[in-house]
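What the coordinates show
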Amino acid sequence: MDAETHRSKATILSASDAASIRLAGRIIKTGGLVAFPTETVYGLGCDALNPEAAAKVFEVKQRPQFDPLIVHVADLKQLEMVVGSLPPLGQQLMDAFWPGPLTLVLPKQSVVPDLVTAGLSTVAVRMPNHPIAQALIREAGTPIAAPSANPFGYVSPTTAQHVADGLGGNVDLILDGGPCPVGVESTIVSLAGPQPELLRPGSMTIEQLSTVIGSIHQTATVNHKPIAPGQSSRHYATRTQLIILASAGARPILKDNERAGLLTHSAARDTDDRFAVVEVLSATGDLREVARHLFAALRRMDSLGLDRIYAEPCTEEGLGVAIMDRLRRCAAA
Ligand code: AMP
Ligand code: MG
């Protein structure tokens with residue numbers, strides 16, 4: 001695992017204990033860092049209005065300061081604190097999809113520190129629908145800025161143990177709320193320009209969005225030409241090389257003595273004994289199950305010292321768009 005990156009042991013508390021939430025809220029309020037579950041992945045949270053606390057988030061993650069954070073709010077009062085103006089389309093999207101895994105980029109209020117938005121005049125906000133995330137934000141009484149709780153560029157964490165493996169005691173507290181129910185990050189839509197733009201595909205699908213927006217413009221970043229550094233093509237990456245197969249069911253030619261792993265969406269592939277290890281992400285090809293299991297499976301495979309990981313592609317519809325986006329970024333050399 002990531003033992004080499006630990007400086008000290010992580011403090012993990014069960015989030016089902018009300019005292020843990022109270023302690024976590026106090027840590028956020030006094031400028032500390034708390035890792036907490038959301039429906040998408042675990043976040044590394046700080047008071048979004050405290051620049052010193054935000055600086056610690058960048059330091060602990062080794063995240064470049066040009067990569068802005070998402071601000072998480074629990075209610076509309078907190079939204080008004082951080083967002084300068086809300087276009088009618090923003091209101092419609094919030095009515096349809098909040099709380100949930102949709103992040104909106106909107107004009108920011110000056111109270112949001114420049115560090116949080118990487119100097120941009122916009123802020124990315126969302127209202128998570130995970131009860132522990134909501135309870136923590138309410139307890140802290142402030143919007144919480146939180147990127148994924150992993151070292152920059154590595155696979156996002158979907159359990160408290162993943163957070164501890166990557167960040168150890170550099171976080172004041174890890175709230176354990178069990179595995180994240182969705183498993184891939186939020187969808188990011190910018191409403192700051194003349195037309196809505198999809199900045200990152202995620203767990204809110206384009207089909208769902210189109211019921212409110214109609215068709216949505218996809219920026220070059222979605223086609224893997226980064227315009228913002230946070231959208232760099234190599235991200236969500238394992239240390240082990242990952243190769244996406246040409247099609248589901250394709251049989252790669254393995255080199256002599258190659259120890260390879262296979263990520264598959266079909267129970268039948270489980271019997272392919274050329275692979276040292278096979279992870280069935282969903283026996284029935286259910287994309288929600290694939291999304292939920294993807295990052296944990298990548299991390300398990302990455303801990304085995306394999307020569308290579310092969311991944312079956314999935315259809316690029318619904319959640320499949322976000323799943324393929326993460327696999328491609330992991331595979332980018
Ligand atoms: P993470 O927190 O690791 O899921 O990453 C958050 C993503 O949100 C990053 O890729 C940022 O580039 C993006 N983001 C955050 N704030 C903004 C903003 N104001 N404008 C555009 N993208 C943003
Ligand atoms: Mg991240």
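Before going into details, it helps to say that this report is about the structure given with it. (Residues numbered from 1 in each chain as written. Chains lettered and ligands numbered in written order. Predicted model: local features only at pLDDT ≥ 70, side-chain atom pairs only at ≥ 80, totals over all residues. Heavy atoms only, no water.)

A few words now on the sheet that holds strand β2 (residues 34-37). One open sheet holds the 11 strands; their spatial order is β1-β8-β2-β3-β7-β4-β6-β5-β9-β10-β11, and the pairing between them is mixed. Whereas interior strands pair on both sides, the edge strands pair on one side only; in this sheet they are β1 (12-14) and β11 (217-218). (Pairing = 2+ DSSP bridges. Helix = DSSP H or I, 4+ residues; strand = E, 2+ residues; numbered from the N terminus.)

This part is about the packing of helix α1 (residues 18-29) against helix α6 (residues 131-140). Two packed helices can be described by the angle between their axes and the distance between those axes. Contact geometry for α1 and α6: axes closest at 8 Å, N-to-C directions at 55 degrees. Taken as axis vectors, α1 and α6 run oblique relative to one another. Pair α1 / α6 crosses with right-handed handedness. In contact with Ile21, Arg22, Ala24, Gly25, Ile28 and Lys29 of α1, α6 contributes Ile132, Ala135, Leu136, Glu139 and Ala140. Of the residues contributing to the contact of α1 with α6, the split by class is seven nonpolar, one polar and three charged. (Axes fitted to C-alpha atoms, helices over the stretch in contact; angles between N-to-C directions. Parallel < 35°, antiparallel > 145°, perpendicular 65-115°, else oblique. Left-handed = near helix turned anticlockwise from the far one by under 90°. Contact = heavy atoms within 4.5 Å. Nonpolar A, V, L, I, M, F, W, Y, C, P; charged D, E, K, R; others polar.)

Near ligand 1 lie 16 residues; those nearest to it are Arg63, Thr122, Pro147, Ile188 and Arg200. Take Arg63: an N or O atom from its side chain is 3.2 Å from an oxygen atom of ligand 1. For ligand 1, whose unbound accessible area comes to 500 Å², protein coverage reaches 91%. Of all the secondary structure elements, the ones that give two or more residues to the shell around ligand 1 are β6 (122-126) and β10 (197-200). Looking at the shell around ligand 1, the element that brings in the most residues is β6, giving three residues. In terms of residue class, the shell around ligand 1 is made up of 10 nonpolar, three polar and three charged. (Near = heavy atom within 4 Å. Polar contact = N/O pair within 3.5 Å; in protein donor to acceptor, adjacent residues only side chain to side chain. Areas by Shrake-Rupley, 256 points an atom, 1.4 Å probe, with all protein chains shown as cover.)

If you walk across this open sheet you meet the four strands as β12-β15-β13-β14, and the pairing is parallel. Of all the strands in the sheet, just β12 (242-244) and β14 (277-280) have a single pairing partner and so form its edges. For this sheet, the mean inter-axis angle between neighbouring strands, taken without regard to orientation, is 20 degrees. Here strand β13 (residues 260-264) runs beside β14; their pairing, made up of four bridges, is parallel. Across the sheet, Thr264 pairs through a bridge with Val280, a residue of β14. Where helix α9 (residues 287-302) meets the sheet, its contacts fall on β12, β13, β14 and β15 (308-311), and the angle it forms with β13 comes to roughly 170 degrees. On top of the sheet, helix α10 (residues 320-331) reaches β12 and β15; it is set at about 130 degrees to β12, its chief contact.

Function-wise, these values are silent; they only describe arrangement.
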